[in-house]
Amino acid sequence: MDVEHHQEDTPEYKRVSLLYSNSIKSVPATILNSSILLVLFWTKVPWLTILVWYSLILTVSIFRLQQVRKEIKNKNYLKQPANKALNKFILGSSFTGAIWGASFVLFNLYTDEAYSLLMIWIVSATAMGGSMSLAPSQRAQNIFVCLIFIPAIIMNILSGNEFNITMGTLCILFLIVMIMLGNTFSTWVNESLKLQYQNQGLLKSLQQKNESLETTNSELIKTKEFLTEQTMSDPLTGIANRRSFDHTLIKEWNRCLRRQYPLSCILIDIDYFKRYNDHYGHQQGDQLLRQVANLISSQATRADDLVARYGGEEFIVILSNASHDDAVMLAERTRKAILDANMEHTDSQVADIITISAGVATITPTNLQDCYEIVHKADEKLYEAKNNGRNQVC
Ligand SMILES: Nc1nc2c(ncn2[C@@H]2O[C@H](COP(=O)(O)OP(=O)(O)OP(=O)(O)O)[C@@H](O)[C@H]2O)c(=O)[nH]1
(Lines give C-alpha, C1' and ligand atoms only; values in the text may rest on other atoms or scores of the structure.)
Protein backbone atom coordinates (compact mmCIF):
# COMPACT_ATOMS: atom_id res chain seq x y z
CA MET A 1 0.00 0.00 0.00
CA ASP A 2 1.59 3.26 -1.08
CA VAL A 3 0.49 5.50 1.76
CA GLU A 4 2.62 8.07 3.55
CA HIS A 5 2.49 7.97 7.35
CA HIS A 6 3.58 10.65 9.77
CA GLN A 7 6.62 9.59 11.75
CA GLU A 8 4.74 9.97 15.04
CA ASP A 9 2.02 7.57 13.83
CA THR A 10 4.38 4.61 13.52
CA PRO A 11 3.97 1.96 16.25
CA GLU A 12 7.58 2.52 17.44
CA TYR A 13 7.04 6.21 18.18
CA LYS A 14 3.44 5.71 19.32
CA ARG A 15 4.82 3.31 21.93
CA VAL A 16 7.27 5.93 23.26
CA SER A 17 4.55 8.58 23.24
CA LEU A 18 2.22 6.25 25.19
CA LEU A 19 4.94 5.54 27.75
CA TYR A 20 5.43 9.26 28.33
CA SER A 21 1.73 10.03 28.59
CA ASN A 22 1.21 7.09 31.02
CA SER A 23 4.02 8.47 33.16
CA ILE A 24 2.09 11.69 33.74
CA LYS A 25 -0.17 9.58 35.99
CA SER A 26 2.19 6.85 37.19
CA VAL A 27 5.00 9.12 38.45
CA PRO A 28 2.67 11.07 40.82
CA ALA A 29 1.33 7.65 41.96
CA THR A 30 4.92 6.68 42.78
CA ILE A 31 5.27 9.85 44.89
CA LEU A 32 2.02 9.00 46.68
CA ASN A 33 3.06 5.39 47.39
CA SER A 34 6.49 6.39 48.62
CA SER A 35 4.87 8.99 50.92
CA ILE A 36 2.61 6.27 52.36
CA LEU A 37 5.69 4.12 52.90
CA LEU A 38 7.44 7.05 54.60
CA VAL A 39 4.56 7.54 57.05
CA LEU A 40 4.10 3.83 57.77
CA PHE A 41 7.76 3.03 58.26
CA TRP A 42 8.85 6.31 59.89
CA THR A 43 9.04 4.77 63.37
CA LYS A 44 10.47 1.46 62.18
CA VAL A 45 13.39 2.46 59.95
CA PRO A 46 16.15 4.86 61.13
CA TRP A 47 15.03 8.36 60.17
CA LEU A 48 18.19 9.14 58.19
CA THR A 49 17.85 5.97 56.08
CA ILE A 50 14.17 6.53 55.32
CA LEU A 51 14.67 10.25 54.71
CA VAL A 52 17.57 9.67 52.27
CA TRP A 53 15.47 7.05 50.48
CA TYR A 54 12.41 9.31 50.34
CA SER A 55 14.43 12.35 49.13
CA LEU A 56 15.98 10.19 46.43
CA ILE A 57 12.70 8.84 45.10
CA LEU A 58 11.12 12.31 45.33
CA THR A 59 13.98 13.95 43.42
CA VAL A 60 14.02 11.28 40.72
CA SER A 61 10.21 11.42 40.39
CA ILE A 62 10.06 15.21 40.13
CA PHE A 63 12.94 15.22 37.67
CA ARG A 64 11.22 12.53 35.58
CA LEU A 65 7.91 14.37 35.69
CA GLN A 66 9.56 17.51 34.35
CA GLN A 67 11.34 15.53 31.65
CA VAL A 68 8.12 13.76 30.67
CA ARG A 69 6.22 17.07 30.39
CA LYS A 70 8.99 18.52 28.23
CA GLU A 71 9.09 15.44 25.99
CA ILE A 72 5.32 15.50 25.49
CA LYS A 73 5.17 19.26 24.88
CA ASN A 74 8.13 19.53 22.48
CA LYS A 75 7.86 15.98 21.12
CA ASN A 76 11.63 15.69 21.56
CA TYR A 77 11.43 11.91 21.26
CA LEU A 78 10.57 12.34 17.57
CA LYS A 79 13.91 14.05 16.94
CA GLN A 80 15.85 10.83 17.55
CA PRO A 81 15.54 7.18 16.48
CA ALA A 82 12.58 5.52 18.24
CA ASN A 83 14.82 2.92 19.88
CA LYS A 84 17.09 5.57 21.37
CA ALA A 85 14.08 7.48 22.72
CA LEU A 86 12.77 4.27 24.24
CA ASN A 87 16.13 3.49 25.90
CA LYS A 88 16.18 6.99 27.41
CA PHE A 89 12.75 6.39 28.88
CA ILE A 90 13.70 2.94 30.20
CA LEU A 91 16.70 4.51 31.97
CA GLY A 92 14.33 6.83 33.91
CA SER A 93 11.83 4.09 34.81
CA SER A 94 14.68 1.75 35.82
CA PHE A 95 15.98 4.37 38.25
CA THR A 96 12.58 4.44 39.95
CA GLY A 97 12.45 0.62 39.97
CA ALA A 98 15.92 0.43 41.52
CA ILE A 99 14.99 2.87 44.31
CA TRP A 100 11.90 0.79 45.10
CA GLY A 101 14.04 -2.34 45.08
CA ALA A 102 16.43 -0.64 47.51
CA SER A 103 13.56 0.22 49.86
CA PHE A 104 12.48 -3.40 49.78
CA VAL A 105 15.93 -4.54 50.94
CA LEU A 106 16.70 -1.66 53.32
CA PHE A 107 13.40 -1.48 55.18
CA ASN A 108 13.29 -5.25 55.64
CA LEU A 109 16.47 -5.03 57.70
CA TYR A 110 14.65 -3.06 60.39
CA THR A 111 11.10 -4.40 60.37
CA ASP A 112 9.27 -7.30 61.97
CA GLU A 113 7.27 -9.95 60.10
CA ALA A 114 3.99 -8.00 60.01
CA TYR A 115 5.72 -4.99 58.53
CA SER A 116 7.58 -7.16 56.06
CA LEU A 117 4.25 -8.45 54.77
CA LEU A 118 2.91 -4.88 54.60
CA MET A 119 6.05 -3.96 52.70
CA ILE A 120 5.49 -6.76 50.18
CA TRP A 121 1.93 -5.64 49.74
CA ILE A 122 2.81 -1.96 49.05
CA VAL A 123 5.78 -2.77 46.83
CA SER A 124 3.82 -5.34 44.83
CA ALA A 125 0.99 -2.89 44.30
CA THR A 126 3.51 -0.29 43.12
CA ALA A 127 5.21 -2.84 40.87
CA MET A 128 1.87 -3.90 39.39
CA GLY A 129 0.76 -0.30 38.76
CA GLY A 130 4.13 0.60 37.25
CA SER A 131 4.15 -2.52 35.11
CA MET A 132 0.71 -1.66 33.67
CA SER A 133 1.79 1.87 32.86
CA LEU A 134 4.94 0.47 31.17
CA ALA A 135 2.88 -1.99 29.09
CA PRO A 136 3.82 -0.38 25.73
CA SER A 137 7.38 -1.72 26.27
CA GLN A 138 7.89 -5.25 27.47
CA ARG A 139 11.57 -4.50 28.10
CA ALA A 140 10.74 -1.50 30.31
CA GLN A 141 8.26 -3.64 32.26
CA ASN A 142 10.61 -6.55 32.81
CA ILE A 143 13.54 -4.39 33.89
CA PHE A 144 11.27 -2.39 36.24
CA VAL A 145 9.80 -5.40 38.09
CA CYS A 146 13.11 -7.27 38.17
CA LEU A 147 14.87 -4.27 39.75
CA ILE A 148 12.15 -4.12 42.40
CA PHE A 149 12.00 -7.81 43.29
CA ILE A 150 15.37 -9.43 42.55
CA PRO A 151 17.41 -7.62 45.29
CA ALA A 152 14.73 -8.56 47.86
CA ILE A 153 14.63 -12.16 46.59
CA ILE A 154 18.40 -12.52 46.85
CA MET A 155 18.52 -10.95 50.29
CA ASN A 156 15.64 -13.02 51.68
CA ILE A 157 16.84 -16.33 50.29
CA LEU A 158 20.43 -15.74 51.43
CA SER A 159 19.35 -14.82 54.98
CA GLY A 160 18.65 -18.48 55.82
CA ASN A 161 15.79 -17.42 58.09
CA GLU A 162 12.66 -19.52 57.48
CA PHE A 163 10.30 -16.52 57.35
CA ASN A 164 12.60 -14.66 54.99
CA ILE A 165 12.92 -17.70 52.70
CA THR A 166 9.10 -17.83 52.54
CA MET A 167 9.08 -14.11 51.76
CA GLY A 168 11.70 -14.61 49.05
CA THR A 169 9.67 -17.45 47.53
CA LEU A 170 6.58 -15.24 47.61
CA CYS A 171 8.53 -12.53 45.85
CA ILE A 172 9.65 -15.01 43.16
CA LEU A 173 6.02 -15.98 42.61
CA PHE A 174 4.98 -12.32 42.45
CA LEU A 175 7.76 -11.61 40.00
CA ILE A 176 6.80 -14.52 37.72
CA VAL A 177 3.09 -13.60 37.78
CA MET A 178 3.89 -9.95 37.14
CA ILE A 179 6.21 -10.72 34.22
CA MET A 180 3.64 -13.05 32.69
CA LEU A 181 0.73 -10.66 33.17
CA GLY A 182 2.81 -7.69 32.05
CA ASN A 183 3.97 -9.49 28.92
CA THR A 184 0.42 -10.48 27.97
CA PHE A 185 -0.77 -6.94 28.52
CA SER A 186 2.19 -5.57 26.60
CA THR A 187 1.45 -7.88 23.64
CA TRP A 188 -2.15 -6.59 23.54
CA VAL A 189 -1.02 -2.97 23.61
CA ASN A 190 1.54 -3.51 20.85
CA GLU A 191 -0.88 -5.50 18.70
CA SER A 192 -3.47 -2.77 19.05
CA LEU A 193 -0.83 -0.15 18.14
CA LYS A 194 0.04 -2.12 15.02
CA LEU A 195 -3.63 -2.51 14.09
CA GLN A 196 -4.23 1.18 14.70
CA TYR A 197 -1.31 1.95 12.38
CA GLN A 198 -2.63 -0.40 9.70
CA ASN A 199 -6.11 1.09 10.06
CA GLN A 200 -4.72 4.57 9.65
CA GLY A 201 -2.97 3.36 6.50
CA LEU A 202 -6.18 1.87 5.17
CA LEU A 203 -8.10 5.00 6.07
CA LYS A 204 -5.57 7.22 4.34
CA SER A 205 -5.54 5.03 1.26
CA LEU A 206 -9.35 5.08 1.21
CA GLN A 207 -9.29 8.87 1.55
CA GLN A 208 -6.81 9.13 -1.32
CA LYS A 209 -8.91 6.80 -3.47
CA ASN A 210 -12.01 8.77 -2.53
CA GLU A 211 -10.35 12.04 -3.47
CA SER A 212 -9.22 10.67 -6.81
CA LEU A 213 -12.73 9.29 -7.41
CA GLU A 214 -14.18 12.71 -6.57
CA THR A 215 -11.76 14.33 -9.02
CA THR A 216 -12.64 11.80 -11.72
CA ASN A 217 -16.30 12.30 -10.95
CA SER A 218 -16.17 16.07 -11.22
CA GLU A 219 -14.16 15.72 -14.45
CA LEU A 220 -16.83 13.35 -15.78
CA ILE A 221 -19.56 15.81 -14.77
CA LYS A 222 -17.71 18.61 -16.56
CA THR A 223 -17.23 16.42 -19.64
CA LYS A 224 -20.91 15.44 -19.54
CA GLU A 225 -21.94 19.10 -19.23
CA PHE A 226 -19.61 19.99 -22.10
CA LEU A 227 -20.94 17.17 -24.28
CA THR A 228 -24.55 18.05 -23.42
CA GLU A 229 -23.86 21.64 -24.35
CA GLN A 230 -22.20 20.49 -27.55
CA THR A 231 -25.12 18.26 -28.51
CA MET A 232 -27.74 20.81 -27.48
CA SER A 233 -26.28 24.02 -28.89
CA ASP A 234 -25.66 25.34 -32.35
CA PRO A 235 -21.91 25.62 -32.93
CA LEU A 236 -22.17 28.71 -35.14
CA THR A 237 -24.43 30.94 -33.05
CA GLY A 238 -24.13 29.36 -29.61
CA ILE A 239 -27.91 29.31 -29.10
CA ALA A 240 -29.99 26.11 -28.78
CA ASN A 241 -29.98 23.82 -31.81
CA ARG A 242 -32.77 21.86 -33.47
CA ARG A 243 -32.33 18.87 -31.14
CA SER A 244 -32.65 21.11 -28.08
CA PHE A 245 -35.69 22.77 -29.65
CA ASP A 246 -37.40 19.40 -30.22
CA HIS A 247 -36.71 18.44 -26.63
CA THR A 248 -38.08 21.70 -25.23
CA LEU A 249 -41.09 21.72 -27.54
CA ILE A 250 -42.23 18.30 -26.26
CA LYS A 251 -41.61 19.31 -22.65
CA GLU A 252 -43.44 22.65 -22.90
CA TRP A 253 -46.24 21.20 -24.99
CA ASN A 254 -46.94 18.60 -22.28
CA ARG A 255 -46.71 21.20 -19.55
CA CYS A 256 -49.23 23.45 -21.32
CA LEU A 257 -51.41 20.42 -21.99
CA ARG A 258 -51.49 19.56 -18.28
CA ARG A 259 -52.14 23.10 -17.14
CA GLN A 260 -54.15 24.20 -20.17
CA TYR A 261 -51.88 27.15 -20.85
CA PRO A 262 -51.44 28.62 -24.32
CA LEU A 263 -48.17 27.75 -26.05
CA SER A 264 -46.79 30.19 -28.64
CA CYS A 265 -44.20 29.73 -31.32
CA ILE A 266 -42.45 32.29 -33.53
CA LEU A 267 -40.65 31.20 -36.69
CA ILE A 268 -38.22 33.86 -37.94
CA ASP A 269 -36.48 34.03 -41.32
CA ILE A 270 -33.91 36.54 -42.56
CA ASP A 271 -35.16 38.16 -45.74
CA TYR A 272 -33.06 37.56 -48.83
CA PHE A 273 -30.30 35.88 -46.94
CA LYS A 274 -29.14 33.98 -50.02
CA ARG A 275 -28.47 37.30 -51.71
CA TYR A 276 -26.65 38.52 -48.60
CA ASN A 277 -24.41 35.45 -48.76
CA ASP A 278 -23.84 35.90 -52.43
CA HIS A 279 -23.04 39.59 -52.05
CA TYR A 280 -21.04 39.70 -48.82
CA GLY A 281 -19.64 36.18 -48.79
CA HIS A 282 -20.36 33.14 -46.65
CA GLN A 283 -18.19 34.28 -43.73
CA GLN A 284 -19.99 37.59 -43.47
CA GLY A 285 -23.22 35.56 -43.71
CA ASP A 286 -22.12 33.53 -40.68
CA GLN A 287 -21.36 36.71 -38.79
CA LEU A 288 -24.84 38.01 -39.60
CA LEU A 289 -26.45 34.79 -38.35
CA ARG A 290 -24.62 35.27 -35.03
CA GLN A 291 -25.77 38.89 -34.75
CA VAL A 292 -29.38 38.01 -35.53
CA ALA A 293 -29.31 35.12 -33.01
CA ASN A 294 -28.07 37.54 -30.34
CA LEU A 295 -30.72 40.11 -31.14
CA ILE A 296 -33.55 37.55 -30.98
CA SER A 297 -32.18 36.16 -27.69
CA SER A 298 -32.05 39.65 -26.23
CA GLN A 299 -35.82 39.96 -26.76
CA ALA A 300 -37.03 36.56 -25.45
CA THR A 301 -35.75 36.84 -21.91
CA ARG A 302 -38.27 34.94 -19.74
CA ALA A 303 -36.84 31.92 -17.95
CA ASP A 304 -38.97 29.47 -19.93
CA ASP A 305 -38.44 31.11 -23.34
CA LEU A 306 -36.28 29.21 -25.78
CA VAL A 307 -34.58 30.67 -28.84
CA ALA A 308 -33.15 28.08 -31.23
CA ARG A 309 -31.63 27.90 -34.67
CA TYR A 310 -34.19 25.94 -36.64
CA GLY A 311 -32.47 25.67 -39.99
CA GLY A 312 -29.98 27.62 -42.17
CA GLU A 313 -31.24 31.18 -41.65
CA GLU A 314 -34.38 30.27 -39.73
CA PHE A 315 -34.79 30.81 -36.03
CA ILE A 316 -37.57 29.63 -33.77
CA VAL A 317 -38.82 30.86 -30.40
CA ILE A 318 -41.00 28.88 -27.97
CA LEU A 319 -43.00 30.87 -25.45
CA SER A 320 -44.68 28.80 -22.79
CA ASN A 321 -47.87 30.19 -21.23
CA ALA A 322 -47.83 33.18 -23.63
CA SER A 323 -50.98 34.43 -25.40
CA HIS A 324 -51.03 35.04 -29.15
CA ASP A 325 -51.01 38.82 -28.57
CA ASP A 326 -47.96 38.56 -26.32
CA ALA A 327 -46.16 36.43 -28.92
CA VAL A 328 -47.01 38.84 -31.76
CA MET A 329 -45.78 41.74 -29.62
CA LEU A 330 -42.50 39.94 -29.00
CA ALA A 331 -42.11 39.11 -32.68
CA GLU A 332 -42.75 42.77 -33.56
CA ARG A 333 -40.23 43.92 -30.97
CA THR A 334 -37.68 41.53 -32.45
CA ARG A 335 -38.37 42.70 -36.00
CA LYS A 336 -37.84 46.32 -34.85
CA ALA A 337 -34.67 45.42 -32.97
CA ILE A 338 -33.26 43.93 -36.21
CA LEU A 339 -34.23 47.06 -38.11
CA ASP A 340 -32.72 49.25 -35.40
CA ALA A 341 -29.47 47.31 -35.67
CA ASN A 342 -29.20 48.84 -39.14
CA MET A 343 -27.16 46.04 -40.72
CA GLU A 344 -26.39 46.79 -44.34
CA HIS A 345 -27.94 44.58 -47.03
CA THR A 346 -27.77 46.44 -50.35
CA ASP A 347 -29.05 43.47 -52.30
CA SER A 348 -32.30 43.08 -50.37
CA GLN A 349 -35.48 43.88 -52.26
CA VAL A 350 -37.18 45.08 -49.05
CA ALA A 351 -34.75 47.71 -47.79
CA ASP A 352 -31.04 48.39 -47.90
CA ILE A 353 -30.69 46.91 -44.43
CA ILE A 354 -31.35 43.47 -42.94
CA THR A 355 -35.01 42.68 -42.28
CA ILE A 356 -36.78 39.63 -40.99
CA SER A 357 -40.17 38.00 -41.51
CA ALA A 358 -41.92 36.13 -38.71
CA GLY A 359 -44.86 33.76 -38.39
CA VAL A 360 -46.60 33.42 -35.02
CA ALA A 361 -48.78 30.50 -33.92
CA THR A 362 -50.50 29.88 -30.57
CA ILE A 363 -52.20 26.69 -29.46
CA THR A 364 -53.65 25.60 -26.15
CA PRO A 365 -52.72 21.93 -26.53
CA THR A 366 -55.27 19.10 -26.54
CA ASN A 367 -54.70 15.36 -26.53
CA LEU A 368 -55.85 15.16 -30.14
CA GLN A 369 -53.03 17.31 -31.42
CA ASP A 370 -49.37 16.67 -32.17
CA CYS A 371 -46.86 19.15 -30.81
CA TYR A 372 -45.38 19.82 -34.29
CA GLU A 373 -48.73 21.28 -35.36
CA ILE A 374 -47.69 24.55 -33.79
CA VAL A 375 -44.53 24.60 -35.93
CA HIS A 376 -46.53 23.91 -39.10
CA LYS A 377 -48.90 26.75 -38.22
CA ALA A 378 -46.02 29.15 -37.55
CA ASP A 379 -44.46 28.07 -40.85
CA GLU A 380 -47.71 28.83 -42.69
CA LYS A 381 -47.80 32.26 -41.05
CA LEU A 382 -44.17 32.86 -42.03
CA TYR A 383 -45.03 31.93 -45.60
CA GLU A 384 -47.85 34.45 -45.43
CA ALA A 385 -45.46 37.16 -44.15
CA LYS A 386 -43.06 36.40 -47.00
CA ASN A 387 -45.87 36.54 -49.56
CA ASN A 388 -47.17 39.79 -48.13
CA GLY A 389 -43.88 41.54 -48.88
CA ARG A 390 -41.55 40.36 -46.04
CA ASN A 391 -40.30 42.54 -43.15
CA GLN A 392 -43.43 41.81 -41.18
CA VAL A 393 -45.05 39.60 -38.57
CA CYS A 394 -48.10 37.47 -39.41
N1 LIG B 1 -23.48 31.89 -44.26
C2 LIG B 1 -24.30 30.88 -44.04
N3 LIG B 1 -25.31 30.68 -44.90
C4 LIG B 1 -26.16 29.68 -44.67
C5 LIG B 1 -26.03 28.84 -43.58
N6 LIG B 1 -27.04 27.94 -43.60
C7 LIG B 1 -27.78 28.22 -44.70
N8 LIG B 1 -27.26 29.27 -45.37
C9 LIG B 1 -27.70 29.90 -46.58
O10 LIG B 1 -28.94 30.52 -46.36
C11 LIG B 1 -29.54 30.69 -47.62
C12 LIG B 1 -31.02 30.53 -47.51
O13 LIG B 1 -31.59 30.90 -48.73
P14 LIG B 1 -33.11 30.81 -49.03
O15 LIG B 1 -33.68 29.61 -48.32
O16 LIG B 1 -33.28 30.87 -50.49
O17 LIG B 1 -33.73 32.05 -48.38
P18 LIG B 1 -33.55 33.59 -48.63
O19 LIG B 1 -32.47 33.90 -49.57
O20 LIG B 1 -33.39 34.23 -47.28
O21 LIG B 1 -34.90 33.99 -49.25
P22 LIG B 1 -36.20 34.34 -48.44
O23 LIG B 1 -36.19 33.52 -47.23
O24 LIG B 1 -37.34 33.95 -49.40
O25 LIG B 1 -36.19 35.80 -48.21
C26 LIG B 1 -28.87 29.70 -48.55
O27 LIG B 1 -28.08 30.39 -49.50
C28 LIG B 1 -27.97 28.89 -47.66
O29 LIG B 1 -26.75 28.54 -48.30
C30 LIG B 1 -24.94 29.08 -42.69
O31 LIG B 1 -24.74 28.39 -41.68
N32 LIG B 1 -24.12 30.10 -42.96
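Residues numbered from 1 in each chain as written. Predicted model: local features only at pLDDT ≥ 70, side-chain atom pairs only at ≥ 80, totals over all residues. Heavy atoms only, no water.

Undergrad: Could you clarify how one ought to interpret the sheet that holds strand β2 (residues 306–309) in this entry?
TA: Strand pairs in the sheet, formed through backbone hydrogen bonds, run parallel or antiparallel to each other. The strand order across the open sheet built from 4 strands is β2-β3-β1-β4, with neighbouring strands paired in antiparallel fashion. The open sheet has two free edges, formed respectively by β2 and β4 (356–363), since each of these has just one partner strand. Within this sheet the neighbouring strands show an average axis-to-axis angle of 15°, counted without direction. For strand β1 (residues 263–270) and strand β3 (residues 314–320), the ladder comprises 7 bridges, and the chain directions are antiparallel. By the bridge assignment, Ser-264 is partnered in β3 with Leu-319. The strands that helix α11 (residues 373–387) touches are β1, β3 and β4; relative to β4, the one it contacts most, it runs at about 145°. (Pairing = 2+ DSSP bridges. Helix = DSSP H or I, 4+ residues; strand = E, 2+ residues; numbered from the N terminus. Axes fitted to C-alpha atoms, helices over the stretch in contact; angles between N-to-C directions. Contact = heavy atoms within 4.5 Å.)

Undergrad: Explain a nonpolar patch on the surface to me, please; I cannot follow it from the model alone.
TA: Among the surface-exposed residues, Trp-42, Trp-47, Leu-48, Leu-51 and Val-52 lie close enough to one another that they form a single nonpolar patch of about 530 Å² accessible area. Mapped onto the secondary structure, Leu-48 falls in helix α2 (residues 47–74). Leu-48 sits in the exposed class, given a relative accessible area of 52%. (Patch = residues over 30% accessible without salt bridge, like charges linked within 9 Å, V, L, I, M, F, W, Y side chains within 5 Å. Areas by Shrake-Rupley, 256 points an atom, 1.4 Å probe, with all protein chains shown as cover. Salt bridge = Lys/Arg side-chain N within 4 Å of Asp/Glu carboxyl O. Buried < 20%, exposed > 50% of the residue type's maximum accessible area, 1.4 Å probe, protein only.)

Undergrad: For this particular structure, what's the right way to read the UniProt feature "transmembrane region" (unreviewed entry) in the chain?
TA: UniProt records the feature "transmembrane region" (unreviewed entry) at residues 45–65, 86–109, 115–135, 142–159 and 165–185, using the numbering of this structure. What you have in residues 142–159 is 100% helix and 0% strand, and the ends, taken at the C-alpha atoms, are 25 Å apart. (UniProt positions renumbered as here; feature names shortened; annotations may be inferred.)

Undergrad: Would you mind showing me how to read the site of the ligand here?
TA: Taken together, 17 residues form the shell around the ligand, and within it Phe-273, Lys-274, Asn-277, Asp-286 and Arg-309 come nearest. Within the backbone of Ile-270, one N or O atom sits 3.0 Å away from an oxygen atom of the ligand. A distance of 3.0 Å separates an oxygen atom of the ligand from a polar atom in the side chain of Glu-313. Burial of the ligand by the protein chains amounts to 67% of its free accessible area of 670 Å². Contributing elements (two or more residues each) for the shell around the ligand: β1, α8 (273–280) and α9 (282–299). Examining the composition of the shell around the ligand, we find that 4 residues originate from one element, α9, more than from any other. Among the residues forming the shell around the ligand, the class breakdown is 5 nonpolar, 4 polar and 8 charged. (Near = heavy atom within 4 Å. Polar contact = N/O pair within 3.5 Å; in protein donor to acceptor, adjacent residues only side chain to side chain. Nonpolar A, V, L, I, M, F, W, Y, C, P; charged D, E, K, R; others polar.)

Undergrad: Got a minute to help me understand helix α7 (residues 242–259) in this structure?
TA: Since the α-helix advances by 3.6 residues per turn, residues separated by three or four positions end up pointing in the same direction. Here α7 contains 18 residues, and its C-alpha end-to-end distance of 25 Å stays within 8% of the 26 Å for a straight helix at 1.5 Å per residue. Looking only at α7, the buried set comprises Ser-244, Phe-245, Thr-248, Leu-249, Glu-252, Trp-253, Arg-255 and Cys-256. Angular distribution of buried residues about the axis of α7 spans 165°; they occupy a single face of the element. Looking at α7, the residues exposed on the side facing more than 90 degrees away from the buried face are Arg-243 and Arg-258. (Expected span 1.5 Å × (residues − 1). Arc of directions from axis to C-beta.)

Undergrad: Any chance you could explain the packing of helix α1 (residues 11–41) against helix α3 (residues 82–110) here in plain terms?
TA: What describes two packed helices is the angle between their axes and the distance between those same axes. Interaxial distance between α1 and α3 falls to 11 Å at its minimum, and their mutual angle equals 15°. Here α3 runs roughly parallel to α1, going by the angle between their axes. Note that α1 runs across α3; the crossing there is left-handed. Residues Glu-12, Tyr-13, Arg-15, Val-16, Leu-19, Tyr-20, Ser-23, Thr-30, Asn-33, Ser-34, Leu-37 and Phe-41 of α1 form the contact with α3, whose participating residues are Ala-82, Ala-85, Leu-86, Phe-89, Thr-96, Trp-100, Ser-103 and Phe-107. The residue makeup of the contact of α1 with α3, split by class, is 12 nonpolar, 6 polar and 2 charged. (Parallel < 35°, antiparallel > 145°, perpendicular 65-115°, else oblique. Left-handed = near helix turned anticlockwise from the far one by under 90°.)

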